[in-house]
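These are the residues of each chain, in order.
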Amino acid sequence: MDNKNKIKLFLVDDDAVYLKLLEIEFFQNADFSIETFSTGEKCIESLSHNPDVIILDYKLDDIDRNAMNGIETLDKIKAFNSEIPVVMLSAQDRIEVAINCMHHKAFDYIVKSETAFIRLQHTITNIFHTQKIEKALNWYMEKM
Amino acid sequence: MESTRAHESQYTRSLIEASLDPLVTINNKGKITDMNDALTNITGLKREMLRGTNFSDYFTEPQKAREVYQDVFANGSVTDSPLTFRHKNRQLTDVLFNGSVYKNSKGNILGAVVVARDTSEQKMATEFRIANKELAFQNDEKEKRAEELVIANKELAFQNDEKGKRADELIIANKELAFQNDEKEKRAEELIIANKELAFQNDEKEKRAAELIIANYARSLIEASLDPILTINTSGKITDMNAATLYITGLSRKKITGSDFFDHFTEPEKARKVYQQVFARGSVADSPFTLRRKDGKLINVLFNGSVYKDDRGDVVGVVIVARDITIQTKFEEELKAAIVFAELATEIAEEAKTKAETATVLAENAVKSKQQFLSNMSHEIRTPMNAIIGFTKVLLKNELSARQKEYLTAIKMSGDALIVLINDILDLAKVDAGKMTFEKIPFKLALSISAMLHLFETKIQEKNLKLVKEYDLEIPEVLIGDPVRLHQIILNLVSNAVKFTFQGEITVKVQLIDEDDENVRIEFSVTDTGIGIEKNKLKKIFENFQQASSGTSRLYGGTGLGLAIVKQLIEPQGGSICVKSKIDKGSTFSFILPFRKTNAEAEMEAELVEPDATITDVKVLVVEDIALNQLLMKTLLDDFGFECDIASNGELAIEKLKTKSYDIILMDLQMPVMNGFEATEYIRDNMDSEIPIIALTADVTTVDLTKCMAVGMNDYIAKPVDERLLYSKIVGFVKKTVQLNDPEENKNPEDIKVKYTDLDYLNRRTKSNPALMMEMISLYLEQTPVLISNMKKGLRERDWDRLYKAVHKMMSSFSIMGISSDFENMAKQVQEYAGSHIKSEGIPDLVLKLENVCVQACEELKEEFNTLKNSN
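Another aspect to go through is the overall build of chain B. Summing up its helical and strand segments, chain B has 28 helices and 22 strands in all. The long-range fraction of contacts in chain B, counting pairs at least 24 apart against all pairs at least 6 apart in sequence, stands at 61%.

Structure (structure tokens):
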């Protein structure tokens, strides 16, 4: 299948194992063109590739303490193109973290667990559904 | 008168010439003086060439021929002397020789007349001669015959005397004539003419006298023949005969002359035919007849006959030469009888041989069917015994009243005893059938011995005995031999020692006897201080069903098979057993066995593992067709805390293997539909599975075991299944599999032996794609050490944030690698402490544990990684 028709997905996580796992799962379960980044910085640099969805780890400075953390990266992405949907991913299940993410215009917040991937899939479906609805709404708004 | 004489002379001459048997006269110098046609035929030389030559020159053995004629001159005659004529063209003719001297009218020996009979055409003659040589008593017969001949000779001599007298009479007549001549001479002057006439007449008479002498000479030749010679006229009447004819018929010359020739035979008609044949063909040779003597005695003769003619060539009669073959016939008959007897004896011998062979086959069959019966019976008994003992054991584990326990124990002990007996019988049957074979596998002798002695500890303690073990440390650790059979031998000896000893000690000694580069010889001895064995019973105790005294089995039990088996197990391995004993002092059984040395590692076995509570969660597939055994195996495995599935045959087992994974398979061998061998082959070859398979077998013949190994089974367990053995084998195999993945575990035996990682989640996520799994694992292995060092650093530097983050990261991959959620909680605890910045006593411990978990997990995963890599 042509790469252009595929959904371009950015995966950002400094946990290489988890990152790989996500990549594998997306590879196997749907038609995605995937790019993975171990840091927020690398992700920002590649925004020109026009990702359709970005899945971003909340904690990006676990290993390298000077690295850009998840929220900062989210802000940079939104600054680059506020239209890019970003799903935040974190081992943190604290509600404050989730609310904080939503404030920074994340599309959704998902806790890393065994069901995370399924929820990610749902979320991605939702994103496109929402985008479709938004497009339709915009089209109707223009007509009116 | 002259003409009659001349006629007679011619007549005798023609008789001689007509004879088919060579007739020769020789002088006392051995020169031939006269002969008949037959001799010229047999030598192929003309009369002129023969006459005056050495008689002995015409034989293959001249020296013997010379001796024969010298015999004739010395003894007056010789009979049936075998010689061989050499024909001019080298053709040989076997002849029998009859010879006798002939004398002139004064009784002076003039020479010998020899009659030879061609025997070359008489096939039997050769055999007779062999018979002559072989049978010594024939000589006696010959001597008797010789005596008879002496009498015959006397008769001949008498005859000669008679002739002599007649000659004398003739001489007297001549004298008379001479006197008359004288008278006439006196009247000569008166009767000159008459004188002349008389002179002429004298001359004529002299001529006649000479002729008469010749006639007498020919006649004497005929008379001298030992073979009957007779003449018959055309009407079948006997006209003349010689002395031998008189002797053989027992009749006087008068009675025979004129008598009917045929009346002298038992078969006159046949004789007449032969006689007619002579006229028709001119001669007949070797015609067999039986002559009836006057006294009724029958004499077998061979007839040669030929016609003789008068001056005009008209046939006037037949001359017949008969030879008495009574003795030959007798020999022939005896020979025939002997042959018949020999044939009969051979027949009897053959019959006896056939009988013996049949008997052997019958006996062999009987032995075979006995063995088959024993083998079958033992097998059939063992199957139900298996269930009886097994369930008794299961029952014994339950809460029981003291009495119930006692009864069940009794059942179990009886069952055990019965199984031992059945095994013994099977072993002996195998020895008898030559099926007893010995394995050659590396094993640890010391370990083997101590494990076996361990079995007796309870028994020995119960009887308040002491067990002493002396083991020679010079013995190489690993040897090649048959540990199972060695076990059996020592088990038998030690259990005997325990059985017959009531106080004192039992010593088991193992000593190195000698050693070279390849082999060692080891002496094992078992000494007790028991009841001892009587000296005269020492040899018997190794025989089947023998005990030292018939009362032994009553007092001590047992079948008396144990020592027989011990002997049968030791000797075929090239060993020997001996026993020393003193009544009431004790016995020592010692045996020496050779073993090969080896560098190979011994297989770990015979070590019984005590039940280990931590090893549970073993999934066992039992493949077994008999419902009772299924239930028994299930009960046992449930007791061990193992998970157990049952398949009734190989095919069902394979179905189960396809849907569920197991740790180990217990496989019965004999099953319907698909037996254990076929199933194992399928699992190994078609399913490509290396799952451990243990064979369950009722009959541990080595043939079966080789087959088990050949199809890829890992081990076997004999039924009835020993619970502890089953447990240790299962655990052994399951552990081995674990060890492969987790060698770290062995280094920390104090650790709980549980695998930290579980790739189940990863398997599911990656759909068992080995490449993806390897990628995941390698990423984990890269990242984790960094996290560990961060965590430790955080703790050391009280950098709570660092600690928190490191642990956080660590935790997220726990679930991916299947690390227990217990550790995740542990990590969360650490996180909480770090997050709240509250210094806690527990943190360093928790961190250390987490570190351990991660290190272990890394090791495990490294192994997994390699396994995946290798299987690709």
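Turning to the overall build of chain A, a few remarks are in order. Along the backbone of chain A there are five helices and five strands. Listing each helix as α and each strand as β along chain A from the N terminus yields β-α-β-α-β-α-β-α-β-α. Counting every position in chain A, which comprises 144 residues, the buried fraction comes to 36%. Within chain A, contacts between residues at least 6 apart in sequence are counted, and of these 58% link residues at least 24 apart.

Before going further, it helps to examine the pairing of strand β1 (residues 23–26) of chain B. Residues and elements named next belong to chain B. Burial of β1 is two-sided: the residues L23 and T25 facing one way and the residues V24 and I26 facing the other way are all buried. Two elements, β1 and strand β5 (residues 109–118), share four bridges in a ladder whose sense is antiparallel. For I26, the partnering residue across the bridge sits in β5 and is A112. In this structure, the hairpin formed by β1 and strand β2 (residues 32–35) is closed by a connection of five residues, where G30 is found at a positive phi of approximately 85°.

As a further point, take the sheet that holds strand β10 (residues 315–324) of chain B. Residue and element names in this part refer to chain B. Read from one edge of the open sheet, five strands run β7-β6-β10-β9-β8, paired in antiparallel fashion. Each edge of the open sheet carries a strand with a single partner, namely β7 (238–241) and β8 (283–292). The mean angle between the axes of side-by-side strands here comes to 30°, regardless of whether they run parallel or antiparallel. Most of the contacts of helix α10 (residues 268–281) go to β8, to which it runs at about 160°, and overall it touches β6 (229–233), β8, β9 (298–309) and β10.

Contacts between the two partners involve 16 residues from chain A, matched on the other side by 22 residues from chain B. Looking at the side of chain A that touches chain B, its residues break down into seven nonpolar, one polar and eight charged.

Right, let's talk about the confidence of the model for chain B for a bit. Residue and element names in this part refer to chain B. On average, chain B scores 79 in pLDDT, and the residues at 70 or more come to 88%. A low-confidence stretch, residues 604–608 stays under pLDDT 50, and its non-local contacts, those more than four residues away or across chains, total nine contacts. Counting interchain partners and residues more than four positions distant, the pLDDT-below-50 stretch residues 741–753 has 13 contacts.

A few words now on the environment of V315 of chain B. Residues and elements named next belong to chain B. Checked against the element boundaries, V315 lands in strand β10. On the basis of neighbour count, V315 is assigned to the partly exposed category, with 14 C-beta atoms found within 10 Å. In sequence terms V315 and F279 are 36 residues apart; their C-alpha atoms lie 8.4 Å from each other. Those residues within four positions of V315 in sequence are excluded, and the remaining contacts are T234, F279, V307 and K309.

Within the secondary structure layout, L772 of chain B lies in helix α25 (residues 770–796). Taking the number of C-beta atoms within 10 Å as the measure of exposure, L772 of chain B has 20 and is therefore buried. The sequence separation of L772 of chain B and L762 of chain B amounts to 10 residues, and the corresponding C-alpha distance is 9.2 Å. Those residues within four positions of L772 of chain B in sequence are excluded, and the remaining contacts are I24 of chain A together with T766 of chain B.

Residues and elements named next belong to chain A. End to end, helix α5 (residues 116–143) covers 40 Å across 28 residues, agreeing with the expected 40 Å (1.5 Å per residue, within 8%). If you check which residues of α5 are buried, you get A116, L120 and I124. Of the surrounding secondary structure, the elements contacted by the buried residues of α5 are β3 (53–57), β4 (86–90) and β5 (108–111).

So, on to the packing of helix α11 (residues 326–396) of chain B against helix α18 (residues 627–640) of chain B. All names here are of chain B. The N-to-C vectors of α11 and α18 enclose an angle of 30°; their axes lie 10 Å apart at closest approach. Considering their axes alone, α11 and α18 lie roughly parallel with respect to each other. Of the two elements, α11 crosses α18, and the hand of that crossing is left-handed. In this structure, α11 contributes N386, A387, G390, F391 and V394 to the contact, and α18 contributes L628, N629, L632 and T635.

Bringing α18 of chain B into the picture now. Along an α-helix, a turn takes 3.6 residues, which lines up residues three or four apart on a common side. All names here are of chain B. Between the first and last C-alpha of α18 there are 20 Å, a value that for 14 residues agrees with the 20 Å anticipated at 1.5 Å per step. For α18, the full list of buried residues reads N629, L632, M633, L636 and L637. End-on, the buried residues of α18 take up no more than an arc of 125°, which puts them together on one face. Facing away from the buried side of α18 by over 90 degrees, the exposed positions are A627 and D638.

Moving on, we come to the pairing of β2 of chain B. As judged from the three bridges shared by β1 of chain B and β2 of chain B, these two strands associate in the antiparallel manner. Note that in β2 of chain B the partner of I26 of chain B across the bridge is I32 of chain B.

Thresholds applied
- Residues numbered from 1 in each chain as written.
- Chains lettered and ligands numbered in written order.
- Predicted model: local features only at pLDDT ≥ 70, side-chain atom pairs only at ≥ 80, totals over all residues.
- Helix = DSSP H or I, 4+ residues; strand = E, 2+ residues; numbered from the N terminus.
- Contact = placed C-beta atoms within 7 Å.
- Buried ≥ 20, exposed ≤ 12 C-beta atoms within 10 Å, placed from the backbone.
- Pairing = 2+ DSSP bridges.
- Axes fitted to C-alpha atoms, helices over the stretch in contact; angles between N-to-C directions.
- Nonpolar A, V, L, I, M, F, W, Y, C, P; charged D, E, K, R; others polar.
- pLDDT = per-residue confidence, 0-100.
- Expected span 1.5 Å × (residues − 1).
- Parallel < 35°, antiparallel > 145°, perpendicular 65-115°, else oblique.
- Left-handed = near helix turned anticlockwise from the far one by under 90°.
- Arc of directions from axis to C-beta.

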